[in-house]
Amino acid sequence: MPLDPALRRASVAAILFLGASAAQASVAFHVTVTTERVNQPGVKTSLPPRDTQESDVVLGPHYLSVRDGKRLSVLDFATRRRHAVDMAASTYDTYSLFDVAGFRHIEIAHRQIVAGALQAGGQQGHVTPPVYEEQSLSVPAARRRGALQPQVLDGAVLWSLDGQPLLRLGITGSPVSGDDATAFAQYLRYTWGGHPLLLKMLADGKRIPADFTLHYQEVGGTVTRQFRISAMTAGAPATYSLAAYRPRPLAADAPPLERVLAQAALLPPPGPQAHPALRDEAEKLFAADQPFEAFLTMLEDHFSTGALVEKLTPQQQLAMQACQPIHDLTRGLMAKDKEGIEDALAGVQASRKQMGLEQPVLALFEGNLRAKLGQWPQATALYLQVLQAKPQMAAVYQDLGDALLAQFDAPNAWRSWDAGRAMAPALRQFRKVNDLERGLLRDYPAFFDGGAPLPLTVQPSTSRPASKTKTVGSTNLP
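No experiment lies behind these values; they were computed from the predicted model shown.

## Comments concerning the environment of His195
Right, so step 1: Here His195 shows up in the loop between α4 (178-191) and α5 (196-204).
Right, so step 2: Judged by its relative accessible area of 2%, His195 is buried.
Right, so step 3: Each C-alpha atom of the pair His195 and Leu166 lies 7.8 Å from the other, and the pair is 29 residues apart in sequence.
Right, so step 4: Once residues lying within four places of it in the same chain are set aside, the contact partners of His195 are Val131, Glu134, Gln135, Arg144, Leu161 and Leu166.

## Quick notes on the pairing of strand β12 (residues 211-218)
Right, so step 1: Where burial is concerned, most of β12 is hidden: 6 out of the 8 residues are buried.
Right, so step 2: With 3 bridges connecting them, strand β9 (residues 164-170) and β12 associate as antiparallel partners. Its bridge partner lying in β12, Leu167 is registered against Leu214.
Right, so step 3: Both β12 and strand β13 (residues 221-236) contribute to a ladder of 8 bridges, which runs antiparallel. Residue pairing for β13: Phe212 is matched across the bridge by Phe227.
Right, so step 4: Between the end of β12 and the start of β13, which pair antiparallel, lie 2 residues.

## Quick notes on the environment of Leu333
Right, so step 1: Mapped onto the elements, Leu333 comes out in helix α10 (residues 324-333).
Right, so step 2: For the pair Leu333 and Val348, spaced 15 residues apart in the sequence, the C-alpha separation amounts to 9.3 Å.
Right, so step 3: In contact with Leu333, other than residues within four places in its own chain, are Phe365, Leu369 and Lys372.

## As for unusual backbone geometry
Right, so step 1: Not every positive phi belongs to a glycine, and Ala231 is a case in point at roughly 55°.
Right, so step 2: For Ala231, the position within the fold is in strand β13.
Right, so step 3: Phi is positive for Phe408, which is not a glycine, with a value near 65°.
Right, so step 4: Its place among the elements puts Phe408 in the loop between α14 (394-406) and α15 (410-423).

## Brief notes about the packing of aromatic side chains
Right, so step 1: Counted according to the given criterion, the structure contains 13 aromatic pairs.
Right, so step 2: Each member of the aromatic cluster is reached from another via a ring pair, and the members are Phe29, Phe184, Tyr187, Trp192, Phe212 and Phe227.
Right, so step 3: Its end group placed over the ring of Tyr216, Arg225 keeps NZ or CZ at 4.9 Å from the ring centre.

## Examining the packing of α14 against α15
Right, so step 1: Here α14 crosses α15 at 170°, and the two axes come no closer than 8 Å. Taken together, the axis directions place α14 and α15 in an arrangement best described as roughly antiparallel. Crossing hand, α14 versus α15: left-handed. Side by side, α14 and α15 meet where Ala394, Tyr397, Gln398, Leu400, Gly401, Asp402, Leu404 and Leu405 of the first sit next to Ala410, Asn412, Ala413, Trp414, Ser416, Trp417, Ala419, Gly420 and Met423 of the second.

## A word on helix α12 (residues 360-372)
Right, so step 1: In this model, α12 (13 residues) spans 19 Å end to end at C-alpha, consistent with the 18 Å of a helix rising 1.5 Å per residue.
Right, so step 2: Taken across its 13 residues, α12 has 12 buried, putting it largely inside the fold.
Right, so step 3: Within the sequence span of α12, burial applies to Pro360, Val361, Leu362, Ala363, Leu364, Phe365, Glu366, Gly367, Asn368, Leu369, Arg370 and Ala371.
Right, so step 4: Buried residues belonging to α12 abut α8 (291-305), α10, α11 (338-355), α13 (376-389) and α14.
Right, so step 5: The N-cap of α12, judged by a side-chain oxygen 3.0 Å from the amide nitrogen of Val361 a few residues on, is Gln359.
Right, so step 6: Just past α12, the residue Gly374 takes up positive phi, approximately 80°.

## Looking at the nonpolar core
Right, so step 1: Residues Phe29, Leu59, Phe184, Tyr187, Leu188 and Phe227 are the most contacted members of the largest nonpolar core, which totals 106 residues.
Right, so step 2: The element that contributes the greatest number of residues to this core is α14, accounting for 8 residues.
Right, so step 3: Residues in contact with Leu59, not counting those within four places in the same chain, are Ser26, Val27, Phe29, Leu64, Asp180, Ala183, Phe184, Tyr187 and Ile208.

## Some remarks on the packing of α15 against helix α16 (residues 431-443)
Right, so step 1: Running from amino to carboxyl end, α15 crosses α16 at an angle of 125°, the nearest separation of the two axes being 11 Å. When the interaxial angle is binned, α15 and α16 end up oblique. Where α15 crosses over α16, the handedness of that crossing is left-handed. On the side of α15, the interface is formed by Trp414, Trp417 and Arg421, while α16 contributes Val433, Asn434, Leu436, Glu437 and Leu440.
Right, so step 2: Partitioning the contact of α15 with α16 into residue classes produces 5 nonpolar, 1 polar and 2 charged.

## Structural notes on the pattern of salt bridges
Right, so step 1: Per the counting criterion, the structure on display carries 19 salt bridges.
Right, so step 2: Here Asp93 makes a salt bridge to Arg248, at a shortest N to O gap of 3.1 Å. One end of the pair, Asp93, is in strand β6 (residues 91-96); the other, Arg248, is in the loop between β14 (246-247) and α6 (256-266), with 155 residues separating them in the sequence.
Right, so step 3: On the basis of relative accessibility, which here comes to 9%, the residue Asp93 falls in the buried class.
Right, so step 4: Residue Arg248 is classed as partly exposed on the basis of its relative accessible area, which comes to 26%.
Right, so step 5: The partner of Asp328 in a salt bridge is Arg331, with the nearest N and O atoms 2.7 Å apart. Of this pair, Asp328 and Arg331 both sit in helix α10, 3 residues apart, which is roughly one turn of that helix.
Right, so step 6: Several salt bridges share partner residues, and in doing so they unite Arg81, Asp418, Arg421 and Glu437 into one network.

Conventions and cut-offs
- Residues numbered from 1 in each chain as written.
- Predicted model: local features only at pLDDT ≥ 70, side-chain atom pairs only at ≥ 80, totals over all residues.
- Heavy atoms only, no water.
- Helix = DSSP H or I, 4+ residues; strand = E, 2+ residues; numbered from the N terminus.
- Buried < 20%, exposed > 50% of the residue type's maximum accessible area, 1.4 Å probe, protein only.
- Contact = heavy atoms within 4.5 Å.
- Pairing = 2+ DSSP bridges.
- Phe/Tyr/Trp six-rings, centres within 6.5 Å; stacked < 30°, edge-to-face > 60°.
- Lys NZ or Arg CZ within 6 Å of the ring centre and 35° of its normal.
- Axes fitted to C-alpha atoms, helices over the stretch in contact; angles between N-to-C directions.
- Parallel < 35°, antiparallel > 145°, perpendicular 65-115°, else oblique.
- Left-handed = near helix turned anticlockwise from the far one by under 90°.
- Expected span 1.5 Å × (residues − 1).
- Polar contact = N/O pair within 3.5 Å; in protein donor to acceptor, adjacent residues only side chain to side chain.
- Core = buried A, V, L, I, M, F, W, Y, C linked by side-chain atoms within 4.5 Å.
- Nonpolar A, V, L, I, M, F, W, Y, C, P; charged D, E, K, R; others polar.
- Salt bridge = Lys/Arg side-chain N within 4 Å of Asp/Glu carboxyl O.

Printed below as a string of structure tokens:
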């Protein structure tokens, strides 16, 4: 139902909590999305056959926001952050914008693997056409040569690709600037999906359609979503503020992952005294004729501060060369084949029993070996054990993030990586995630459109884990 002009202006102000000059204002609108599902025979699902969702959307010059009842999502393209606001509780969580593109990157590859397995098993009828995987995730499955094909209907155009209908686009709509049309495509990309070619067409069209329908196909059946845009206004604020809200506090029964990441977001970088203190401890262990323990302490120093294992005296070098446990450990960590990794794991577990299960570097190495074997939950538990005892071992956040991403938990993976990089940004272990982000910017630039830096009123936040529940239309996960 269209909003009356006075209520419309009030709702925009309530959404963004901040006024702005009209010269910098962008557009806002109300959207009604009706989802209809037609399941294949025998498919059981808890999803209703028909569902309607009402949202208020603001397309700012460097951000967009989507309000659905008491939930508000803000995507900030200037800072590459996204904020999930619980308006009822007056709290918010903050995540990296990279985790959305990162998740969809691994998810499209995962779906291709599943499709290959179904085809190999003679289950071609259960394989979703690649074009609909691209429609769902807004990322390409492979390099494409085909083009969108239009079919003129009564009052609309049906756009198809590879013979599959994707978009029924009504002829009515509102002309907007190129930036606003790009922001509208971003709204679809992050909330409901849309094939990359469709989103580019909408962005290039400099128009926000009044009504359109997106078509999807899933393993269980077909889905259509009809969009009706109403109450469009040009009175949207040019920026936003979270000043009326506070970071969501840690729950008393929060799981270890949430506790570790919440604590990490509040920790300062290791001070200048961290390296000398750990090196002094290593010197004492060398003096006590404990070269293996000294070696592990120097590794802890490296993983915490980035300091290299160097400046050893000739006597210390000889002691390390004569230390068989050091040779066994380093050789085992370089194992590539499964048998070698399993042998190395057994060796590290024996060392942990001898030296104490709380020894952080050995616990880290056991986690790394389990990760090599694909034992991600066990590896995650070990990384959390290390970080609970040594929260400033910055390099461990890289390994924890890797394990979380392997389990499709992209929001917490980036939280972990961001925490570690804030502690020790120059640590070489983080080159991997830095390269990953550069790759996402290169391969999926459309996910980051609209990021011209502007002066913002955004509070720093302690972010919290994403929900395990995939909510339809949420910007949290596709």
